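Tertiary structure, described
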Amino acid sequence: MSIKHLSAVAVASALLSHSVQAKTEVEWWHAMGGALGQKVNEIAADFNAGQSEYEIKPVYKGSYAETMTSAIAAFRAKQQPAIVQVFEVGTATMMGAKQVIYPVHELMEDTKEPFDSGHYLSAVTGYYTTSDGKMVSMPFNSSTPVLYYNKDMFKKAGIESAPKTWKEMEQVSKQLIASGAQCGFSTTWQSWTQIENFGARNNVAMASNNNGFDGFDSEFQFNREPFVKHIERLQKWSESGIFKYGGRQSSGMPLFYTQECAMTMGSSAGLSGIQESMAGVDVGVAELPYDDTLIMKPQNTIIGGASLWALRGHDSEQYKGVAQFFSYLSSAEVQADWHQFTGYLPITTEAYELTQKEGFYDQNPGTDIAVLQMTSVEPTANSKGVRFGNFLQVRDIINQELEAVWAGNKSAKQGLDDAVRLGNQQLRRFERTQK
Amino acid sequence: MSSPVIFKNRYLPYALIAPQLLITIVFFILPAGQAIFQSAQLEDAFGLSREFVGLENFINLFNDSYYLESFFTTLKFSVSVAVLALVCALILSAFAEHIVRGATFYRTFLIWPYAVAPVVAGSLWLFLFDPSIGVVTDMLEWFGINWNPTLNGDHAMWMVIITSTWKQISYNFLFFLAALQSVPKSLHEAAAIDGSGPIKRFITISFPLISPTSFFLLVINFVYAFFDTFAVIHAMTQGGPGNSTSTLVYKVYNDGFIGLDLGSSAAQSVILMVLVALLTVFQFKYVEKKVAY
Amino acid sequence: MVERRPLFRIFCHVILVLGIVSIALPVWVAVVATTHENSAFSTSTPLWFGDLGFSVFRDLLSNESTFNNSSLPITDMLFNSMIMALAITVGKLSISIMSAYAVVFFRFPGRMLAFWMIFFTLMLPVEVRIIPTFEIVTNLNMLNSFSGLTIPLIASATATFLFRQFFLTVPRELVEAARIDGAGPIRFFFDILLPLSRTNIAALFVITFIYGWNQYLWPLLITTDAQYYTIVMGIKQMLGVTDGIIEWNKIMATTIIAMLPPVIVVIAMQKAFVKGLVDSEK
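In the annotation of an unreviewed UniProt entry, the entry for chain C reads sn-glycerol-3-phosphate transport system permease protein UgpE, and the organism field reads Psychromonas marina. Taken from UniProt, the Sequence similarities (unreviewed entry) comment for chain C reads in full: "Belongs to the binding-protein-dependent transport system permease family." Regarding chain C, the relevant UniProt record gives this comment under Subunit (unreviewed entry): "The complex is composed of two ATP-binding proteins (UgpC), two transmembrane proteins (UgpA and UgpE) and a solute-binding protein (UgpB)."

Looking at an unreviewed UniProt entry, one finds chain B named sn-glycerol-3-phosphate transport system permease protein UgpA, with Psychromonas marina as its source organism. Checking UniProt for chain B, the heading Subunit (unreviewed entry) contains the comment "The complex is composed of two ATP-binding proteins (UgpC), two transmembrane proteins (UgpA and UgpE) and a solute-binding protein (UgpB)."

In structure tokens form, the structure reads like this:
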């Protein structure tokens, strides 16, 4: 080969390597710290290695709230990323900002990326879907509340199986206490588990407009009888020690870890963490209890967690990358791996089936409870999800009022009435900004 | 304001003050101006729709009984933190000043906690105060106290007060010590010859002489307790249980930065600015006059 | 030392030790935590060392990839924190001492207005007005840069206020004497005022360094480039676990590592304090 040829090869390879470097960069802001953050980096790296046109660049932006506020500040300064992870409470805010978001179904259509919303688990995607069935954001990490119970303590009290209904919760708790337990059960994320999911599980609406899905003029209804009765009995039980409140969010977990309480209600994604924290204790997972005076066959529960939103203001090349990345994320292998590694729900049926086929659920008992709880029935308007503006403030209000109830400062009815009144003020405020 | 002799120069003072002023205007006054503008608006998070609502945000706030409660909570909290942090630090520094051997050791250890990042400090104390696994909880049980900050508002209040105080003691200690060491030793020696003991000398000599520093620390501690403690509250109680630890600034932070209700949060900031402006004028007019220079 | 009473001295030591014990308790817990398996924290708070020894530190320093997900080595994060803390400290101290000097030792139109404007910045922490401030920083093109990280944080009234308080106590005679000697304002500043302010500068240096070192929200907001990650962001990232295990032992070990530079600064600055003590004793 002559020198001329050689240099031609060199030039060609230089050009090639140049084109490799000129991958279209797509920023993805996320809120996944710790081991999950490493997993996020792995997913992005695998995607980047699998094709040569796009480079997904994950950027950790702090807690959920910090990530969302960063993205909003960035949008106001026209520096927004192409993809941002937003927690479920921010859904209505994002959805309302039509000039900001690029809905997933539209994105997939515009970029000609094959996309069939039928492949997804409706119980998961429903939360992020418009009332006419269009997927707006891509579910990423979703979980749902389940009942965790201490099998060792159950055995000691001579109880065979986990309680299924709230009535059984009471009986079982009494038996447990009689056998030496200090408390029957506790809960985490009280608004999510005891209000939002109490409504979904028993097919009762917590607000008008199909729990806020159909418009901004919704009114809260969780001061109606079923909710009042539920909170009333929890209040009664917290006096007798059957129920013990452990604080906001998941700060009540030590009550379960230290075996003070024999049961707790929490995110299904927390299982591996619980097992690690309670080495040597046999922990079981069961479906969230339902109220058999309200419903015979319980409904599915509502998810929590976060989804990925595409933001406008980038060029079409970048959106092609976003679309491809979303497809990649939805693929059975990636989803199954994510589901198994993190404990979050799979978002497609294929991923669930693949996990089943791989024998994961048999090797890790309890990991499939959440999926079964979500998929055994068709979601109704009351169990599809909730969508409220200023939802973060509303959850604060619910926390605040419920704490007043647990402390015995207010009756259940009074607390819920106040929460509904203050919550509605937040909804009205939000409604006025959505024109 | 009493003041030392004055230099005369037409341009130098402006040159000296210019950098500080420039940064203040760009990064503080301008955003504060924006807050005033926003306080009269109802706006969505992204700034897409904006409606002029006049004083509505303010009226809503003053009709909200929880917001009004926050004033009292803030007062209780700030006074407790400022007083506790100042008193503890003053005591420690007064004793530390007497020590020659091991001084470095003591000082280093008293400053050390200050170096813990605030995010970690909040989590650490939360550990210690946890009703199920906390060490402090165990100790309190000895005294027959059934510690439960998740439901008992007073307990929650003590928890955030202690944590916030803890973060500030080192700071105060450092400045008190610096001030005490600048008190001329000759004064002490003279008084010692007259037969007055260390405590009396501290009260009659050192304390009056360090009053400018004390005034400085008083202002700084109030500002700290008022403004810089929302992160602790956010990490530990989120304003709960009920509404019992929700201070004014925590609410601004929570409604604005976390909850993204910019109008209401801006209105709250404006109320705060007015409040602090009044307090500052009061402090300088009445307290500083009593301080000896 | 004025005092010659051994009992009193012992009393002093006792009080200080008690103070240290209560103040350092959380730090102690952090140190102890690094020697335990992570599961030790879910059911109790260990108060004595576990059996892991230094292995957590060793893992942290040798295997950076499991430590944070920006894959930035811990030493780089320390370096970033150091630059940021030093820039903020030096910037803050210099502009504050200058403006306090102007306000106290000069009379000029707008003097009080300027002082009040600066004093006003004591209020409203950056988190509260963060969105408008972010917009300004973007307009100035300072995102993802060390200048954007530091400059907005160097204006704070604290230091100005302290220097003002201190300058007000400088005896009139001293200034008079300097003037008689023919010293102008600049020479007076460097030859007399600066040495006099030594203890205050040292105290402020420590405080400001730690303030800069512990910044979290601001760097998080204005950087999207992992190369600017600071050590506190690294810690916070390990804490930011939503569903799952928080690795307390690693977090505490990182916290200890992150505490060392500020502690070194404290020790280094001791000299400024101690010297004052020794000088007046002679």
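Read on, since the account is not over.
What chain C contains, in helices and strands, is 13 helices and 0 strands. Helices and strands appear in chain C in the N-to-C order α-α-α-α-α-α-α-α-α-α-α-α-α. Considering chain C as a whole, with its 282 residues, one finds that 50% of them fall into the buried category. Contacts spanning at least 24 positions in sequence make up 71% of the contacts within chain C whose residues lie at least 6 apart.

Before going further, it helps to spend a moment on the UniProt feature "transmembrane region" (unreviewed entry) in chain C. Under the UniProt annotation, "transmembrane region" (unreviewed entry) lies at residues 7–31, 82–106, 113–134, 146–167, 188–211 and 251–273 of chain C. Between the end C-alpha atoms of residues 146–167 of chain C there is a gap of 32 Å, over a span that is 91% helix and 0% strand.

A few words now on the UniProt feature "transmembrane region" (unreviewed entry) in chain B. Residues and elements named next belong to chain B. As recorded in UniProt, the feature "transmembrane region" (unreviewed entry) lies at residues 12–37, 77–96, 108–129, 156–180, 201–227 and 266–287. As a span, residues 77–96 carries 100% helix and 0% strand, and end to end its C-alpha atoms are 28 Å apart. Along residues 108–129 the backbone is 73% helical and 0% strand, and the end-to-end C-alpha distance reaches 26 Å.

Residue and element names in this part refer to chain A. Spatial ordering of the open sheet is given by β8-β7-β9-β6-β10, a layout of 5 strands whose pairing is mixed. Edge positions in the sheet fall to β8 (243–245) and β10 (283–286), since each has one partner strand and no second. Sheet twist, expressed as the average angle between the axes of neighbouring strands with direction ignored, equals 30 degrees.

The biggest cluster of nonpolar side chains holds 290 residues, and the ones touching the most others in it are A310 and V322 of chain A, L174 of chain B together with Y101, V206 and I235 of chain C. In terms of residue count, helix α7 (residues 153–181) of chain B provides more of this core than any other element does, 15 residues in total. For this core, the domains that each give at least three residues are domain 1 (23–143 + 303–363) and domain 2 (145–301 + 390–433) of chain A.

This next bit is on the packing of helix α11 (residues 225–240) of chain A against helix α20 (residues 412–433) of chain A. Residue and element names in this part refer to chain A. Here α11 crosses α20 at 130 degrees, and the two axes come no closer than 8 Å. With respect to their mutual orientation, α11 and α20 come out oblique. Note that α11 runs across α20; the crossing there is right-handed. Facing α11, whose interface residues are F227, V228, I231, E232 and Q235, α20 presents A412, K413, G415 and L416. Looking at the contact of α11 with α20 residue by residue, the classes come out as 5 nonpolar, 2 polar and 2 charged.

On to the interface of chain C and chain B. Between chain C and chain B, the contact holds 90 residues from the first and 91 residues from the second. When grouped by side-chain class, the residues that make up the side of chain C that touches chain B number 61 nonpolar, 20 polar and 9 charged.

Residue and element names in this part refer to chain B. A rise of 1.5 Å per residue sets the reference length of α7, with its 29 residues, at 42 Å; its end C-alpha atoms lie 41 Å apart and thus fit the reference within 8%. In α7, a bend of some 30 degrees at Q168 exceeds every other bend along the element. Of all 29 residues that make up α7, 25 are buried, and the element is covered over most of its length.

A word on helix α3 (residues 64–76) of chain A. Residues and elements named next belong to chain A. Taking 1.5 Å as the rise per residue, α3 with 13 residues should run 18 Å; its terminal C-alpha atoms sit 18 Å apart, in good agreement. Taken residue by residue, α3 has Y64, A65, E66, T67, M68, T69, S70, A71, I72, A73, A74 and F75 as its buried positions. Note on α3: the residue one or two positions beyond its end, K78, has a positive phi of about 60 degrees.

Let's shift gears to the interface of chain A and chain B. Bring the parts together and some accessible area is lost; that lost area is often taken as the interface size. Taken together, the 32 residues of chain A in the interface contact 25 residues of chain B. Listed by contribution, the elements that provide at least two residues to the side of chain A that touches chain B are α3, α4 (91–96), α12 (253–257), α19 (391–406) and α20 of chain A. Looking at the side of chain A that touches chain B, the element that brings in the most residues is α19 of chain A, giving 7 residues. A class-by-class count of the residues in the side of chain A that touches chain B yields 12 nonpolar, 13 polar and 7 charged.

Residue and element names in this part refer to chain A. Counted residue by residue, strand β11 (residues 304–311) has 8 buried out of 8 residues, so it is predominantly covered. Side chains of β11 alternate between two faces, with G304, A306, L308 and A310 and G305, S307, W309 and L311 buried alike. Bridge count for strand β3 (residues 83–87) against β11 is 5 bridges, and the pairing is antiparallel. By the bridge assignment for β11, F87 is matched with A306. In terms of strand pairing, strand β4 (residues 101–102) meets β11 through 2 bridges, oriented antiparallel.

In contact at an axis separation of 9 Å, α7 of chain B and helix α10 (residues 198–213) of chain C are set at 170 degrees when each is read in the N-to-C sense. With respect to α10 of chain C, the element α7 of chain B is oriented roughly antiparallel. When α7 of chain B is examined against α10 of chain C, the residues Y171, L174, F175, A178 and Q181 of chain B are found in contact with a partner set consisting of T199, N200, A203, V206 and I207 of chain C. By residue class, the composition of the contact of α7 of chain B with α10 of chain C is 7 nonpolar, 3 polar and no charged.

A word on unusual backbone geometry. Cis rather than trans, the peptide bond between G240 of chain B and P241 of chain B has omega equal to -5 degrees. The phi dihedral of Q238 of chain B falls on the positive side, at around 50 degrees, and the residue is not glycine. Unlike most non-glycine residues, N144 of chain C shows phi in positive territory, near 55 degrees. With respect to the helices, strands and loops of the structure, N144 of chain C is situated in the loop between α5 (130–139) and α6 (146–154). The exposure class of N144 of chain C is partly exposed, given the 14 C-beta atoms found within 10 Å.

What follows concerns the pairing of strand β6 (residues 145–150) of chain A. All names here are of chain A. Of all the 6 residues making up β6, 6 are buried; the element is thus mostly covered by neighbouring parts of the structure. Neither face of β6 is exposed, since P145, L147 and Y149 on one face and V146, Y148 and N150 on the opposite face are all buried. Bridging between β6 and strand β9 (residues 261–267) involves 5 bridges; their strand directions are antiparallel. Within β9, the residue paired with V146 across the bridge is G266. Relative to β10, β6 runs antiparallel, the two being bridged by 4 bridges. If you follow Y149 over to β10, its bridge partner there is G284.

Locating F37 of chain B in the fold gives a position in helix α1 (residues 12–38). Between the alpha carbons of F37 of chain B and A267 of chain B there is a distance of 9.2 Å; along the sequence they are 230 residues apart.

Residue and element names in this part refer to chain A. As for its placement among the helices and strands, G126 is situated in the loop between α6 (122–125) and β5 (138–143). Residues G126 and I302, spaced 176 residues apart in sequence, show a C-alpha to C-alpha distance of 9.3 Å. If we skip the residues at most four places from it in the chain, G126 touches P379, K384 and G385.

Moving on, we come to the confidence of the model for chain C. Residue and element names in this part refer to chain C. Taken as a whole, chain C shows an average pLDDT of 81; of its residues, 89% reach a score of 70 or greater. Between the elements of chain C, mean pLDDT differs from a low of 73, seen in helix α13 (residues 248–281), to a high of 91, seen in helix α3 (residues 74–105). Across residues 65–69, confidence stays below pLDDT 50; counting only partners more than four residues off in sequence or on other chains, it has 13 contacts. Residue range residues 276–282 is modelled with pLDDT below 50. Its contacts to residues more than four positions away, or to other chains, number 7 contacts. As a predicted assembly, this complex carries a pTM of 0.89 together with an ipTM value of 0.87.

Our focus in this paragraph is the confidence of the model for chain B. Residue-level pLDDT values for chain B average 86, and 96% of them are 70 or greater. No element of chain B has a lower mean pLDDT than helix α4 (residues 103–111) of chain B, which averages 79, and none a higher one than helix α2 (residues 56–62) of chain B, which averages 94.

So, how was this worked out
- Residues numbered from 1 in each chain as written.
- Chains lettered and ligands numbered in written order.
- Predicted model: local features only at pLDDT ≥ 70, side-chain atom pairs only at ≥ 80, totals over all residues.
- UniProt positions renumbered as here; feature names shortened; annotations may be inferred.
- Helix = DSSP H or I, 4+ residues; strand = E, 2+ residues; numbered from the N terminus.
- Buried ≥ 20, exposed ≤ 12 C-beta atoms within 10 Å, placed from the backbone.
- Contact = placed C-beta atoms within 7 Å.
- Pairing = 2+ DSSP bridges.
- Axes fitted to C-alpha atoms, helices over the stretch in contact; angles between N-to-C directions.
- Core = buried A, V, L, I, M, F, W, Y, C linked by C-beta atoms within 7 Å.
- Domains from an automatic or database assignment.
- Parallel < 35°, antiparallel > 145°, perpendicular 65-115°, else oblique.
- Left-handed = near helix turned anticlockwise from the far one by under 90°.
- Nonpolar A, V, L, I, M, F, W, Y, C, P; charged D, E, K, R; others polar.
- Expected span 1.5 Å × (residues − 1).
- Bend = angle between axes of the 7 residues up to and from the residue.
- pLDDT = per-residue confidence, 0-100.

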